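# Fold and geometry: a report
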Amino acid sequence: MSIDLEKAAKVAKLARIKVEPDALPALAQEFNNILGFIEQLNEVDVEGIEPMTSVTPMRLKRREDIVSDGDQQAKVLANAPDAREGFFAVPKVVE
Amino acid sequence: MTELNTLTLAEARDKLRSGDVTSVELTESCLKQVESADALGAFVHKTPELALDQARAADARIQAGDAPAMCGLPLGIKDLFCTKGVPSQAASRILQGFRPEYESTVTQKLFDAGAVMLGKLNMDEFAMGSSNETSCYGNAVNPWRRAGDAAALTPGGSSGGSAAAVAADLCLAATGTDTGGSIRQPAAFTGIVGIKPTYGRCSRWGIVAFASSLDQAGPMTKTVRDAAIMLGAMAGHDPKDSTSADLPVPDFEAMLSGDIRGKVIGIPAEYRMDGMPAEIEKLWADGTAMLKDAGAEIRDISLPHTKYALPAYYVIAPAEASSNLARYDGVRYGHRASLGQGDGITEMYEKTRAEGFGHEVQRRVMVGTYVLSAGFYDAYYNRARRVRALIKRDFDQAFAAGVDAILTPATPSAAFGLGEMAEADPVQMYLNDVFTVTVNLAGLPGISVPTGTDASGLPLGLQLIGRPWEEADLLNTAYALEQAAGFVAKPQKWW
């Protein structure tokens with residue numbers, strides 16, 4: 001599997017990272033090197049092996065379905081680059 | 001008189017309890033060292049006022065007879081831990097200016113136990129790296145140098161600042177985190193002890209997430225005893241981390257007897273890599289002989305899927321990172337790019353993330369995005385998770401056959417020069433984690449212990465891997481190895 005410029009640009013778009021067109025060839029090459037390294041996994045016989053989901057067999061804890069936190073709007077907004085009137089502010093999303 | 005900053009946690013604790021020193025004296029001694037050590041690039045946010053406040057409070061507790069394990073002991077905290085009101089930016093530009101409104105569970109536990117925070121420590125950006133060279137703060141520098149050579153060496157990564165600070169006696173101990181070897185490799189590069197506990201032993205709550213199924217916090221210390229003391233204070237169940245284990249935390253220090261007679265130590269054939277330097281091979285053989293002399297039974301074992309650990313890791317870790325790092329979007333915290341006329345929300349995301357993330361982080365986020373994308377999810381991600389299950393099974397079988405711990409080298413070499421890998425393929429850098437990454441994939445505890453030096457006088461470490469949840473036994477074996485190795489060398493001060 002090799003990654004061409006178009007595919008590299010698509011991955012960058014999916015990852016929401018702006019990559020200038022002149023940086024794409026080097027990026028595609030890096031992807032190909034890393035994916036080449038990963039290809040080794042195809043040598044392994046994984047027939048009948050379930051994907052690992054947890055490192056130790058533990059049942060996830062459950063908790064009461066009650067409100068346990070909240071009511072701290074000022075703290076939530078304290079680090080926002082742009083917060084107004086109690087909300088996060090972003091560029092216009094709907095026309 | 002011994003400089004107070006050079007004390008171990010155990011020595012300082014005993015002196016505090018006997019009234020020989022105060023926490024304020026200890027803290028001032030460390031702060032003085034921190035101030036004069038900017039050349040090491042270890043401390044990136046200093047908190048002297050907070051430290052002295054905490055020290056005074058600790059002294060009051062000690063006087064009142066209420067002195068828990070870490071009371072009054074000055075520590076450095078890796079920048080990955082969220083610390084309330086103190087910059088916590090995971091060495092990334094994208095978290096520039098972020099001051100958490102909350103405290104990570106691990107640092108809260110340390111503070112509850114009376115610990116003093118001197119400041120935040122350098123690291124690779126989002127813990128992605130093996131040399132501390134991806135940090136937005138610039139490099140951390142290893143206090144060790146090759147004999148007769150002033151070239152600056154890496155302290156390893158990602159917990160490079162923690163390793164440099166402890167090795168240079170700027171603090172008595174430090175917190176680290178380990179996703180693929182980020183505690184154990186820097187510990188080995190700087191001649192200190194570092195333990196990654198069993199996955200779930202320490203809460204991940206409030207630690208900036210890299211790869212959530214692999215990340216685990218642990219102590220980086222001057223001795224195995226110190227690692228036992230500090231791990232006890234960091235560990236424990238936390239309802240805020242659903243993967244943290246609801247198991248009692250034993251008194252790790254009390255179980256350090258140094259008696260390992262009858263313990264079975266496995267030596268895995270697959271860790272004898274092609275082209276392994278003779279020095280590393282000798283270090284490993286010497287360590288094996290030390291454990292044998294201490295009464296352990298040495299057994300050759302096989303962990304057949306070892307060679308697939310790194311490629312599996314470089315699917316799983318970037319996949320989880322691409323998901324975890326999606327939150328850095330310029331909306332809720334940290335950096336937001338300045339936008340041009342007509343830029344919408346997509347441009348805001350794309351520009352913010354291009355400006356905020358460094359090169360290695362961008363690369364891993366995009367690799368992760370690719371392996372999770374439609375059409376490749378099964379071929380890459382699910383296959384890697386199945387290989388991961390096989391790697392874990394290798395260890396399960398060794399332990400089921402009676403092996404108590406596994407001895408391996410910690411790293412394939414001693415510390416290398418800063419900048420030396422700059423032109424190398426990223427995969428070359430990834431090979432640094434070849435001996436450590438299996439342990440994260442299997443969720444096991446692993447500890448790096450300094451046991452020797454290379455021809456140029458740089459420290460080298462061995463790794464012991466233990467059974468899940470049996471850190472106490474693992475620490476005891478490490479203690480026996482530490483005593484037999486008698487590693488006492490210190491870096492010559494040049495900073």
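As a reminder, the structure under discussion sits directly above these lines.
The structure contained in this document is the topic of the report that follows. (Residues numbered from 1 in each chain as written. Chains lettered and ligands numbered in written order. Predicted model: local features only at pLDDT ≥ 70, side-chain atom pairs only at ≥ 80, totals over all residues. Heavy atoms only, no water.)

## Observations concerning the overall build of chain B
Along its length, chain B carries 15 helices and 11 strands. Along the three orthogonal principal directions, the C-alpha set of chain B runs to about 70 × 55 × 50 Å. Per-residue burial over chain B gives 66% buried out of 495 residues. Relative to all contacts within chain B whose residues are 6 or more apart in sequence, the contacts with residues 24 or more apart total 77%. In chain B, 45 side chains carry a positive charge and 58 a negative one; their mean positions are 3 Å apart. (Helix = DSSP H or I, 4+ residues; strand = E, 2+ residues; numbered from the N terminus. Buried < 20%, exposed > 50% of the residue type's maximum accessible area, 1.4 Å probe, protein only. Contact = heavy atoms within 4.5 Å. Lys, Arg positive; Asp, Glu negative; His and termini not counted. Charge placed at Lys NZ, Arg CZ, Asp CG, Glu CD.)

## Here's the deal with the nonpolar core
Judged by nonpolar contacts, the single largest core of 182 residues is most densely connected at Met 70, Leu 110, Phe 126, Leu 170, Phe 395 and Leu 475 of chain B. When sequence neighbours within four positions are dropped, the list of residues in contact with Phe 395 of chain B reads Tyr 271, Leu 303, Ile 406, Thr 438, Ala 442, Leu 444 and Ile 465 of chain B. (Core = buried A, V, L, I, M, F, W, Y, C linked by side-chain atoms within 4.5 Å.)

## Thoughts on the sheet that holds strand S7 (residues 264-268) of chain B
Residue and element names in this part refer to chain B. Spatial strand order, S1-S3-S2-S4-S6-S5-S10-S11-S9-S7-S8: 11 strands in an open sheet with mixed pairing. Two strands bound the open sheet, and with one partner strand each, they are strand S1 (43-46) and strand S8 (297-301). Averaged over neighbouring strand pairs, the angle between their axes works out to 30° when direction is ignored. Inspection of the sheet shows S1 paired to strand S3 (residues 116-121) by three bridges, in the antiparallel sense. Paired with Phe 43 across the strands is Leu 121, a residue of S3. Sheet strands in contact with helix H7 (residues 224-234) are strand S2 (74-78), strand S4 (173-178), strand S5 (193-196), strand S6 (216-221) and strand S10 (446-453), and its direction is about 145° off that of S6. (Pairing = 2+ DSSP bridges. Axes fitted to C-alpha atoms, helices over the stretch in contact; angles between N-to-C directions.)

## Some remarks on unusual backbone geometry
Here the residue pair Gly 157 of chain B and Ser 158 of chain B is connected by a cis peptide bond, since its omega of 10° sits within 30 degrees of zero. Assignment of secondary structure puts Ser 158 of chain B in the loop between S3 and helix H5 (160-167). The backbone of Asp 71 of chain A shows a phi angle near 55°, a positive value even though the residue is not glycine. Topologically, Asp 71 of chain A is positioned in the loop between helix H2 (24-38) and helix H3 (73-77). Of note in this structure, Asn 132 of chain B is not a glycine but carries a positive phi near 65°. Locating Asn 132 of chain B in the fold gives a position in the loop between S3 and H5. You can call Asn 132 of chain B buried: its relative accessible area is 0%.

## Brief notes about the side chain of Thr 190 of chain B
Summarising the element assignment, Thr 190 of chain B is placed in helix H6 (residues 184-190). Apart from the residues within four sequence positions on either side, Thr 190 of chain B is in contact with Asn 142, Trp 144, Pro 155, Ala 163, Ala 164, Ala 167 and Pro 459 of chain B.

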